[in-house]
Amino acid sequence: MTGLLQVIDVCKSFQGNVAVDHASLTVEEGAVTGLIGANGAGKTTLFNCISGYYHPNSGTILFQGKEIQRVQPEKLCRLGIGRTFQIVRPFGLLSVLDNAAVGGYNRGTGKKEAYAIARECLALVGLEDKLEMPAAALNTGEQRRLELARALATRPKLLLLDEVMAGLTPTESKEMIGLIEQIHQKGMTILMIEHIMPAIMSLSHRIYVMERGAVIADGSPEEVAHNPRVIASYLGSRGGGTEYAEHH
Amino acid sequence: MIVLLAAAVIFPFFAGRYMMSIGVSVLLMAALGQSWNIMSGYAGQFSFGHAAFFGVGAYTSSILYVDYGVSPWIGMLLGMGAAALLGVLIGFLSFRYHLRGDFFALVTLAFAEILRVLFNNSAALKGAEGVLIPYRDVWQEFQFRDDRIFYLILLLMVIAITAFIGVISRRKFGVCLIAIKESQGVAQSLGVPVLKYKLAAMAVSGAAAAMAGTFYAQYYGFIDPGTVFTSSISVEAIVPCIIGGSGTLSGPLLGALIIVPLQELSNSLFEDVHGLNMVIYGVLIVVFIMFCRDGIYGALVKRQKGVET
Amino acid sequence: MNIYVLQAFLDGVLMGGIYALAALGLSLIFGVLKITNFAHGAMMTMGMYAVYAISVGMGIGPYAALPLAMAMMFGLGFLIQRVLINSIDHAPAYNQLLLTLGVAYILENVLLMVFTPNYRTLTVDAFQKAIHIGPLTVAPARLIMFAVVLAVTAGFYMLLYKTRVGRSIRASAQDEEGARLMGIHVKRIRAAAFGLGAVCTGIAGGLLTPVMSIYPTLGESFQLKCFVIAVLGGMGNLWGAFLSGIFIGVIESLSGYFLGGTWSEMLIYGAFILILLVRPTGIFGRGNRRES
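About the criteria used
- Residues numbered from 1 in each chain as written.
- Chains lettered and ligands numbered in written order.
- Predicted model: local features only at pLDDT ≥ 70, side-chain atom pairs only at ≥ 80, totals over all residues.
- Heavy atoms only, no water.
- Helix = DSSP H or I, 4+ residues; strand = E, 2+ residues; numbered from the N terminus.
- Buried < 20%, exposed > 50% of the residue type's maximum accessible area, 1.4 Å probe, protein only.
- Contact = heavy atoms within 4.5 Å.
- Areas by Shrake-Rupley, 256 points an atom, 1.4 Å probe, with all protein chains shown as cover.
- Lys, Arg positive; Asp, Glu negative; His and termini not counted.
- Charge placed at Lys NZ, Arg CZ, Asp CG, Glu CD.
- Buried area = accessible area lost by both parts, 1.4 Å probe.
- Salt bridge = Lys/Arg side-chain N within 4 Å of Asp/Glu carboxyl O.
- Axes fitted to C-alpha atoms, helices over the stretch in contact; angles between N-to-C directions.
- Parallel < 35°, antiparallel > 145°, perpendicular 65-115°, else oblique.
- Nonpolar A, V, L, I, M, F, W, Y, C, P; charged D, E, K, R; others polar.
- Pairing = 2+ DSSP bridges.
- Polar contact = N/O pair within 3.5 Å; in protein donor to acceptor, adjacent residues only side chain to side chain.
- Right-handed = clockwise from strand over helix to strand, strands pointing away.
- Phe/Tyr/Trp six-rings, centres within 6.5 Å; stacked < 30°, edge-to-face > 60°.
- Lys NZ or Arg CZ within 6 Å of the ring centre and 35° of its normal.
- Core = buried A, V, L, I, M, F, W, Y, C linked by side-chain atoms within 4.5 Å.
- Expected span 1.5 Å × (residues − 1).

The helix and strand inventory of chain B stands at 14 helices and two strands. When its C-alpha atoms are laid out on the principal axes, chain B stretches across 55 × 45 × 35 Å. Across the 309 residues of chain B, 59% fall into the buried class. Taking contacts inside chain B between residues at least 6 apart in sequence as the whole, the part at least 24 apart equals 75%. Summed over its atoms, the accessible surface of chain B is roughly 12300 Å², and 66% of this surface lies on carbon and sulfur atoms. Of the charged side chains in chain B, 18 are positive and 16 negative, and the gap between their average positions amounts to 14 Å.

Encoded structure:
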């Protein structure tokens, strides 16, 4: 089995607390892969391992067949892994356009090219009429989209999305789902963490479920939704249930 | 901006001796402020030890000149190189161990202090007596009888540093520095070579401060560790940025233009009240930190933007 | 052992007591407020002049002036926190640092205005005459100084560990949010912590008044050393600060004896950089480290 990204038996602990426990997953090229689990299940830690912010204690991460578990984030970005963060952090002092251009410089050899890429990505997420605004002046929904544009401007092969719908209104969430769908249509491979179940169920081709650092189940959205262990530990439990209820 | 520049160029031809000395002080503070602005205002790495760079610049050119007859113009370039290296060294050590915020500031402070103690006590580095620059009046040796030329050279330096900041703030380097200041982690995820850029900012910032250091030595003709490595030099690099607005192009210039005359004024008004001018300095810092955190220029810009949107 | 070494050791321990107390205050302030207090040296000078002014003004001995000076220092610290620092609570670290720097300029130069830059001495002859302990000599004033340091530290310990205020301070230092949930009035506690920090530092300064000539920038010369000690002990780790204060006092005195004063200064600053880089949580481990 080969995929664009392969996480093999990765462990990460902090001062004895195991955050990721022998987790393995595969992201197929061109697919949308979902990662779900209760808060504290280790999803974001695993994301941070994949994007180079943490180095795993053991295990291997392969991107396009190359080991990357010791590579720094900025190098990974150059290799083609882009990501967003759970907590939005726009560069508030910079304009919307400059924000995206920071990403654009990753591929763009010059200023012109970087800004062309930035404009294109901002247009894709629908921020083309706010280019000169300082990013701090955007609302949460716009900041989420700016973050997406910024990550896209790095021209990634794999896009990691960490709860891009957190804090969005139902309408904004729907728009975001459409946007992700659109990006995927263009051929982007996506790995996403999401708490909003209908969103991830409709978008993903394959879903991995994490619990206490370990991957406890995986399969098509259909299979996962009917997996008794998943229902017991997550979907049917209070954690997942309330979150589901909160949004609908 | 252009009016200000024109005024600055014409100034020495109308000013008397006293006003000239104030003009030089303003420009010296502006140069220091702008050098701090690169590393701390733009790149967000808070330095409390710019005296280290300033002193290295002043001492490199002075010792080379006095002991080896090297022209201070060349000494200045070598000093800038030495300060840039020092900046990279401090930066590399600090960033390798992930120091940030207060702890980074403390490391820069400690480096400045170590240099002060080292120069104070090493005979090879002229010890506590410092260096007296002999007066020769040869332009090749960075000496002029006419203070106006000194003034114009310093003005040129300030313009050069400011122009550098102006250029980078529109290019990849400057935009990425601000990104690093606001969130290093996010900048990394976007492929910004964070370490390289931070070190580059420290090198340039150190070199700029060293340039001001050489000027100081040549203009005043005397340096010692207690004047060029003291923390009040480090503070002088910070304060114009705080008052005018750090991370802005003209903020530090504005800050220097306000503080120095204010200091002179309080000095002459309350000549016999020892310490009052420094109390005013302190109050100014406190007031700006509390009520005008973006500095005067920053507040103006914000207001303008607020009106637009 | 060489008698001079022993003498240097004793001198180091006694002076280390002052360092320890001053650094304790700095570390407490950092622990609770997460602020590197650049007004610490100036607050130390305030303590010196408070003792001087009370003693001269009321015609009492310097030691009798201590309690009132302590009260004044607490008020000063409490006010500085409440009026100034508190209002920029969640500003970036360097803004708070600069604010305390501004406060330092104000305090120091107000003293300069009031007391002039002249040296002031308040030495009591009876306490200055050296006494002999075996082969060692020491001024009684320094012994009293150390005894008071120990007493104040013990009192401080009782306050922190045996009273409600103390428990609240410690809780706030460990976890501000948790403390708030427990119903602790965190704002008042933070001001109290700054006040207590000012007391420790002020006493450390005040105890120097009968021992050496004072002038308005004297405290400043202790400031960097306080940073060194507090970092060595682990910023926010109070007992670490106390122990490393004594430790630095001894190291300074011994290296001064063996290497000469200036190289001992280099040694200490060099060690400071090394610790900041390699082990910013201090050699005792448990200190806080601020990320910003």
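A positive phi angle is found at E163 of chain A, which is not glycine, with a value near 50°. Of note, E163 of chain A is situated in the loop between β7 (158-162) and α6 (170-185). Looking at E163 of chain A, the relative accessible area reads 9%, which means it is buried. In this structure, K126 of chain B takes a positive phi of about 80° despite not being glycine.

Listed as interface residues are 40 residues of chain B and, on the opposing side, 46 residues of chain C. Regarding the contact of chain B and chain C, the summed buried area is about 3900 Å², with carbon and sulfur atoms giving 79% of it. Interface area lost by chain B to chain C is led by D102, F103 and L106 of chain B, which between them contribute 17%. Where chain B touches chain C, the interface holds zero salt bridges.

Residues and elements named next belong to chain C. Axis separation between helix α6 (residues 140-162) and helix α7 (residues 164-174) bottoms out at 5 Å; the angle between their running directions is 80°. In this view, α6 runs roughly perpendicular relative to α7, as classed from their interaxial angle. Note on element contacts: α7 touches α6 through R164, G166, R167, I169 and R170, opposite L159, L160, Y161 and K162. In terms of residue class, the contact of α6 with α7 is built from four nonpolar, one polar and four charged.

Here the focus is the packing of helix α11 (residues 231-244) of chain B against helix α12 (residues 251-269) of chain B. All names here are of chain B. At their nearest, the axes of α11 and α12 sit 7 Å apart, and the two run at 105° to each other. Taken as axis vectors, α11 and α12 run roughly perpendicular relative to one another. Touching V239, P240, C241, I243 and G244 of α11 are G251, P252, G255, A256 and I259, all from α12.

Right, let's get into the sheet that holds strand β2 (residues 17-27) of chain A. All names here are of chain A. The sheet built from four strands is open, its strands ordered β2-β1-β4-β5 with antiparallel pairing. The open sheet is flanked by β2 and β5 (66-67), the only strands paired with a single partner. Across seven bridges, the pairing between strand β1 (residues 5-14) and β2 is antiparallel. Across the sheet, V10 pairs through a bridge with A23, a residue of β2. Where helix α1 (residues 43-50) meets the sheet, its contacts fall on β1, β2 and β4 (58-63), and the angle it forms with β1 comes to roughly 115°.

Residues and elements named next belong to chain A. Within this structure, the stated rule accounts for ten salt bridges over all chains. The closest approach of N and O atoms between R83 and D162, which form a salt bridge, is 3.9 Å. Of this pair, R83 sits in strand β6 (residues 81-83) while D162 is found in strand β7, placing the two residues 79 residues apart along the sequence. Comparing R83 with D162, the two get one shared label, buried.

What follows concerns the sheet that holds strand β8 (residues 189-193) of chain A. Strand pairing within a sheet occurs via backbone hydrogen bonds; the two strands may be parallel or antiparallel. All names here are of chain A. The strand order β6-β7-β8-β3-β9-β10 describes an open sheet built from six strands, whose pairing is mixed. Across the chains shown, the open sheet's two edge strands, defined by having one partner strand only, are β6 and β10 (214-219). On average, each strand axis in the sheet is tilted by 20° relative to the strand beside it, whichever way the strands run. Sheet topology note: the β7/β8 ladder contains five bridges and is parallel.

All names here are of chain B. Note on placement: E141 falls in the loop between β1 (131-132) and α6 (147-168). In this structure the side chain of E141 is engaged in a polar contact, spanning 2.5 Å, whose partner is the side chain of Y65. Beyond its immediate sequence surroundings of up to four residues, E141 is in contact with Y65, S71, P72, W73, R136 and Q218.

Moving on to the interface of chain B and chain A. Taken together, the contacts link 22 residues of chain B with 24 residues of chain A. Carbon and sulfur atoms supply 66% of the area that chain B and chain A bury against each other, a total of about 1900 Å² over both sides. At the surface where chain B touches chain A, the tally comes to zero salt bridges. Remark: the boundary between chain B and chain A carries nine residue pairs in polar contact (both at pLDDT 80 or more). Residue assignment for the side of chain B that touches chain A shows that the elements contributing at least two residues are α7 (172-182), α8 (184-189) and α9 (194-220) of chain B. Ranked by residue count, the leading element in the side of chain B that touches chain A is α7 of chain B, at seven residues. Residues that form the side of chain B that touches chain A fall into these classes: eleven nonpolar, five polar and six charged.

Residue and element names in this part refer to chain A. With five of five residues buried, β7 lies mostly within the body of the structure. Alternating residues of β7 divide into L158, L160 and D162 and L159 and L161, and every residue in both groups is buried. In the sheet, β6 pairs with β7 via three bridges, with the strands oriented parallel. The partner of G82 across the bridge, within β7, is L159. Where the polypeptide runs from β7 across α6 and back to β8, its parallel neighbour, the crossover connection is right-handed.

Taken as a whole and judged by the stated rule, the model has 36 aromatic pairs over all chains. Taking 4.8 Å as the distance between ring centres and 50° as the angle between the ring planes, the aromatic pair formed by Y216 of chain B and Y220 of chain B counts as tilted. Taken together, the residues span about one helical turn, with Y216 of chain B and Y220 of chain B both in helix α9 at a distance of four residues. In textbook terms, an aromatic cluster arises when at least three aromatic residues are bridged by ring pairs, as seen for F54, W73, F142, F144, F150, F215, Y216, Y219 and Y220 of chain B. Of note, R96 of chain B hangs over the ring of Y97 of chain B, and the distance from its end group to the ring centre comes to 4.6 Å. Just above the ring of Y161 of chain C sits the side chain of R170 of chain C; from NZ or CZ to the centre is 4.0 Å.

What follows covers the nonpolar core. Burial of nonpolar side chains together is a common tendency in soluble globular proteins. Core analysis: the largest hydrophobic core is formed by 269 residues, its most contacted members being M165 of chain A together with F48 of chain B. Broken down by element, this core gets its largest block of residues, 17 residues, from helix α1 (residues 3-33) of chain C. Ignoring sequence-local partners within four residues, the contact set of F48 of chain B consists of A105, T108, L109, S234, V235 and I238 of chain B together with F38, L97 and L101 of chain C. Among the nonpolar cores identified, the runner-up in size contains 25 residues, and V20, L25, L46 and Y208 of chain A belong to it.

Looking now at α9 of chain B. Since the α-helix advances by 3.6 residues per turn, residues separated by three or four positions end up pointing in the same direction. Residues and elements named next belong to chain B. With 27 residues, α9 extends 39 Å from end C-alpha to end C-alpha; this agrees with the ideal 39 Å at 1.5 Å per step. Buried residues dominate α9, accounting for 22 of its 27 residues. One or two residues past the end of α9 sits G221, with phi positive at roughly 75°.

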